[in-house]
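Notes for the structure review
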Amino acid sequence: MLLRDLWHQRGQLLAAALVVACGIASFVSMRLTYESLLAARDSYYRVHRFADVFVHLKRAPDVMAQRLREIPGVAEVHTRVVMGVTLDVPGLAEPATGRLVSVPDRRQAMLNDLFLRRGRYIEPGSTEEVIASEAFAAANRLDVGDRVGAVINGRWKSLRIVGIALSPEFIFEVGPGALFPDNRRFGVLWMGHQALASAFDMDGAFNDAVFGLAAGAVVPDVLSRIDLVLERYGGLAAYGRDDHVSHRFITDEIAQNRISSTWIPGIFLGVAMFLLHLVLSRLVSLQRTQIGLLKAFGYGRGPVSLHYLQLAGATVSLGVVLGTGAGLYLGEGLTALYLDYYRFPALPLVFSPEVVGAGVGLSLVAAGLGAAGAVARAFELPPAEAMRPERPSSFHPGVLERTRLRRLLPPAGRMILRSIARRGWKSVLSALGIACAVGLLVLGGFFMDTLDYMLRVQFQDVQRDNVTVYFNQPGSAAVQHDVRHLPGVLHAEPFRTVPARLRFEHRSRRTEVTGLDAGGDLYQLLDRRLRRVGLPADGLLLSRKLADVLQVGAGDRVTVEVLEGERLVRSLEVAGVVDDLVGIFAYMDRAALNRLLREDSVASGARLRIDVRQSAQLYDTLKHMPAVAGSIFQEAALDSFEQILDRSLRVSTLINVVFACVIAFGVVYNGARVALSERGNELASLRVLGFTRREVAAMLLGEQVVLMLLAIPCGFTLGTWVSWFLSIQLDTEMYRVPLVLTPASFAFSALVVIAAALVSGIIVASRINRLDLIAVLKTRE
């Protein structure tokens, strides 16, 4: 009996199994990817000893390392020299920015230890050998033995790559001041400590330190003690892992995976539960007589109920097998995509029996809930009642009959609306299933639309420059004059940035205070409606996110602790907020910031608008300009980031379309097949009375068309609501995700679902064409 019912209902049960498979595939792939990222990060941190605390300073003698080791809670200290340089990379027109990091001349265990992918370690005493970061080398097709040029302390030097390596400090490799990774134009180079220290006149000194903490150490106390020791040496305030850029990016990504792996599978399993309920309820109705005979011959309620539970279990089992295989395949693909953004020694897909077991358990729960109604009916059905035909539905005038609408509709239209009204909650659930498919596609469109919006706003409305240059040291008016007169520079706007800690009551955040020229055009501060916000003569403008964190508003006064130079502490008024999309920053007039720091008209860098026809000459000049520590080329950086995104967006869009098509096909196909089995006698009668096959098919499939037309706007609403919910969940201090949905995304969502429904309708229509009129009319009502 089980095999017979499985065969007879194979189309409907297969559709339900595919929806279950989509739910399992999404759950297994996302959850395994989450666990794989978490395991890879934790293993990488542990094996290669990722530091707990970081600090940068001007210059301190090596003897201060012992003072730092004596701080309570500090287990290990590694001092080093870290410098920013301009690089000339073969095959790259623009100058690249490099971060030179010193490592021991002889290889030894250290914090932020290197994973050598290929090549060798640096020879002791070598002044030209470096180890390049893998992301930088791969983006520029550099390998062991290749050379890059660098401006080191004002002198041109050729560096030879002897190894390609990774470090837990740079899982996410992004340059200073950059919003997105640009691995072609920013890279990390590790150099022998003695060679790097000598090149920058840092013999016997260091300007950077990383710390490993003992178990039970209180991080804020350790940070305060480190700052106290290094204050006289220009310390820029120590910070922990939570404020480390690479760590925050990967940690936020892992948290987002955990959220996505919870609610997306829930959509599929909810739809599968409805489909199983639909199929099994109809099956119980069709098999009333058989159920009655079985009970009359002595079969108890348990075996009869178990039969229908086994049907649901078999359907879910097929979905679990297909979904687990698909989930493992998708998981492999997702982990491979993550290697485009995050650099690990290895990122294998971690197979977790617990995850697969949880997916199976959730599917069985969905199957049990979906079959519960049908099983209860089979369980309670008395034998004598079961062997009688099912009582006809009670008909009465509905809304259609009580209004003039019925006069406006043809007979077929009235029949379609009456059938939808008669099915009640089944019609509502069918529409909801289709709405879920639409909503899933809207959600996919939300991510793409939002990303396009963020890139457009950031690179067209906010940052309106072509090139941003950063100085090695805060530049005087003479340096600013030289930059303005570089080849091809049409307009230049200097800016000043200082690290600072902002405090209000007991709340504080480490950030940067950026000084901009009043009336400047190359970097604009905007509100939510993208209207320009002017700089106050005195006081601060805060990122809205920073204002929310500090719980301040216009008119409040915050304490600003400058974390460089004389480490001045000032109380400033909050003049307003701006709605930037990236980071948390404070802004003020550059002249006011210079006065606050008690300095002349000093700048940390400049934003340039250039004549692209002279860009080659400008790039060549920047490569050999000692005052410039690094440059960001907006268009090139954006192109590089979009190339990385293109692959992941194509994959995610394809997955969304396939999953949504499965849901739409499953709901429409099952709804039409159930309607066909319920109304086979009526449809056959219409054929006998002279209705054509096309007219009969239109009456049957018209219900699904009406439900789909009702479901599409509901799906738009559902997708918009879920997108809004996610925009809140993904709102972090690193990025804000605004709710942006374009008409194209809604249109694409509707068209994909309509196409899937059309395919299922064609399949059902072919069954109507093969309808055996005599056999159907002989069937007892």
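What comes next concerns the included structure. Just so it is clear, the structure is predicted and the values come from calculations on it, not from any experiment. (Residues numbered from 1 in each chain as written. Predicted model: local features only at pLDDT ≥ 70, side-chain atom pairs only at ≥ 80, totals over all residues. Heavy atoms only, no water.)

Points about the overall build of the protein
In plain terms, the rule: By the criteria applied, helices consist of DSSP H or I runs no shorter than four residues and strands consist of E runs no shorter than two, each listed in order from the N terminus. Relative accessible area decides the class of each residue, using a 1.4 Å probe on protein chains only: under 20% of the type maximum gives buried, over 50% gives exposed, and in between gives partly exposed. Contacts are residue-level and defined by heavy atoms, with any inter-residue pair within 4.5 Å sufficient. Values of accessible area rely on a 1.4 Å probe in the Shrake-Rupley scheme; residue burial ignores everything except the protein chains shown.
Helix and strand content of the protein: 24 helices and 20 strands. When the 781 residues of the protein are sorted by exposure, 54% land in the buried category. For the protein, contacts bridging at least 24 residues in sequence account for 82% of all contacts bridging at least 6. Total accessible area on the protein is roughly 34,200 Å²; 58% of this is exposed by carbon and sulfur atoms.

Observations regarding the packing of aromatic side chains
The test is simple: Pairs were defined over the aromatic rings of Phe, Tyr and Trp, the Trp ring being its six-membered one, requiring ring centres within 6.5 Å. Orientation was assigned from the angle between planes: stacked under 30 degrees, edge-to-face over 60, tilted for the rest.
The full count for this structure, using the stated rule, is 15 aromatic pairs. Both rings, one in Phe172 and one in Tyr342, keep their centres 5.6 Å apart while their planes meet at 40 degrees; by these two values the pair is tilted. Taken together, the positions of Phe172 in the loop between β8 (155-166) and β9 (186-192) and Tyr342 in the loop between α9 (301-338) and α10 (353-380) put the pair 170 residues apart, joining distant regions of the chain. Overall, the relative accessible area of 5% leaves Tyr342 in the buried class. Three or more aromatic residues joined by ring pairs make a cluster, and in this case those are Tyr45, Phe50, Phe54 and Tyr239.

Here's the deal with unusual backbone geometry
Non-glycine residue Arg49 carries a positive phi angle of around 55 degrees. If you trace the backbone, Arg49 turns up in the loop between α2 (10-47) and β1 (53-61). Of note in this structure, Glu505 is not a glycine but carries a positive phi near 55 degrees. Tracing the backbone through its elements, the reader meets Glu505 in the loop between β13 (489-504) and β14 (507-516).

Some words on the sheet that holds strand β2 (residues 74-80)
Sheet strands line up and pair through hydrogen bonds in the backbone, either parallel or antiparallel. Convention followed: Two strands qualify as a pair provided DSSP detects at least 2 bridges between them. Simply put, an axis is a line fit to the C-alpha atoms, just over the touching stretch for a helix, and the angle between two N-to-C directions goes from 0 to 180 degrees.
Read across the open sheet, the four strands follow the order β2-β10-β1-β11; overall the sheet is antiparallel. Only two strands of the sheet have a single neighbouring strand rather than two, namely β2 and β11 (239-240). In terms of strand pairing, β2 meets strand β10 (residues 205-213) through six bridges, oriented antiparallel. Looking at β10, one finds that Glu76 is bridged to Gly212. Strand contacts of helix α6 (residues 219-230): β1, β2, β10 and β11, with the helix running at about 10 degrees to β1, the strand carrying the most contacts.

Remarks on the pattern of salt bridges
Going by this rule: The term salt bridge refers to a pairing of a side-chain nitrogen on Lys or Arg with a carboxyl oxygen on Asp or Glu at a separation within 4 Å.
Applying the stated rule across the entire model yields 32 salt bridges. The closest approach of N and O atoms between Asp143 and Arg118, which form a salt bridge, is 2.9 Å. On the criterion of sequence distance, the pair formed by Asp143 in the loop between α4 (134-139) and β7 (147-152) and Arg118 in strand β5 (residues 115-119) is long-range, its members being 25 residues apart. When its relative accessible area of 34% is taken as the criterion, Asp143 is described as partly exposed. Judged by relative accessible area, Arg118 falls into the partly exposed class, the value being 35%. Among the ionic pairs, Arg160 bridges to Glu128, the shortest N-O distance being 3.6 Å.

Here we look at the nonpolar core
Convention followed: Only buried residues count toward a nonpolar core. Its members are Ala, Val, Leu, Ile, Met, Phe, Trp, Tyr and Cys residues joined through side-chain atoms within 4.5 Å.
Tyr342, Phe344 and Leu525 are the most contacted members of the largest nonpolar core, which has 46 residues in total. When residues of this core are traced back to their parent elements, those giving at least two are α2, α7 (245-286), α15 (425-462) and α20 (634-678). Excluding residues within four positions of it along the chain, Tyr342 makes contact with Ile171, Phe172, Phe249, Ile250 and Glu253. Counting 31 residues, the second-largest nonpolar core is a separate cluster that includes Ile420, Val657, Ala711 and Ala750.

Observations concerning helix α22 (residues 693-729)
Here is the rule we go by: Expected helix span is given by 1.5 Å per residue-to-residue step, counting one fewer step than there are residues. The quantity called bend is, for any residue, the angle between two axes fitted respectively to the seven residues ending at it and the seven beginning at it.
Counted at 1.5 Å a residue, the expected span for α22 with its 37 residues is 54 Å, and the 51 Å between its end C-alpha atoms agrees. Helix geometry: α22 is bent most strongly at Leu701, by close to 40 degrees.

Points about the side chain of Thr79
By secondary structure assignment, the location of Thr79 is in strand β2. Here Thr79 falls in the buried class, since its relative accessible area comes to 19%. Residues within four places of Thr79 in sequence aside, it is in contact with Ala65, Phe206, Asp208 and Ala209.

Observations concerning the packing of α15 against α22
Our working rule: Throughout, the term roughly parallel applies to angles under 35 degrees, roughly antiparallel to angles over 145, roughly perpendicular to angles from 65 to 115, and oblique to all others. Here a crossing is taken to be left-handed if its near helix is turned anticlockwise relative to the far helix by less than a right angle, and right-handed if that turn runs clockwise. Under the scheme applied, nonpolar residues are Ala, Val, Leu, Ile, Met, Phe, Trp, Tyr, Cys and Pro; charged residues are Asp, Glu, Lys and Arg; polar residues are all the others, including Gly.
Put simply, α15 and α22 touch, their axes get as near as 6 Å, and they point 45 degrees apart. As judged from the angle between their axes, α15 and α22 are oblique. Handedness of the crossing formed by α15 with α22: right-handed. Its residues assigned to classes, the contact of α15 with α22 comprises 18 nonpolar, eight polar and no charged.

Thoughts on the environment of Thr97
Heads up, the condition is: Polar contact is defined as a pair of N or O atoms within 3.5 Å, subject to the rule that within protein one atom must be able to donate a hydrogen and the other to accept it, and that residues adjacent in sequence are counted only when both atoms are side-chain atoms.
Tracing the sequence through the fold places Thr97 in strand β4 (residues 96-103). Residue classification places Thr97 among the buried positions, given a relative accessible area of 7%. Remark: the alpha-carbon pair of Thr97 and Val628, spanning 531 residues in sequence, is separated by 9.7 Å. Residues contacting Thr97, with those up to four places away along its chain left out, are Val85, Leu87, Arg185, Phe186, Gly187, Ala629, Gly630 and Ser631. In this structure the side chain of Thr97 is engaged in a polar contact, spanning 3.0 Å, whose partner is the backbone nitrogen of Ser631.

Observations regarding the environment of Leu13
You can see Leu13 is positioned in helix α2. Leu13 sits 299 residues away from Ala312 along the chain, and the two C-alpha atoms are 8.5 Å apart.

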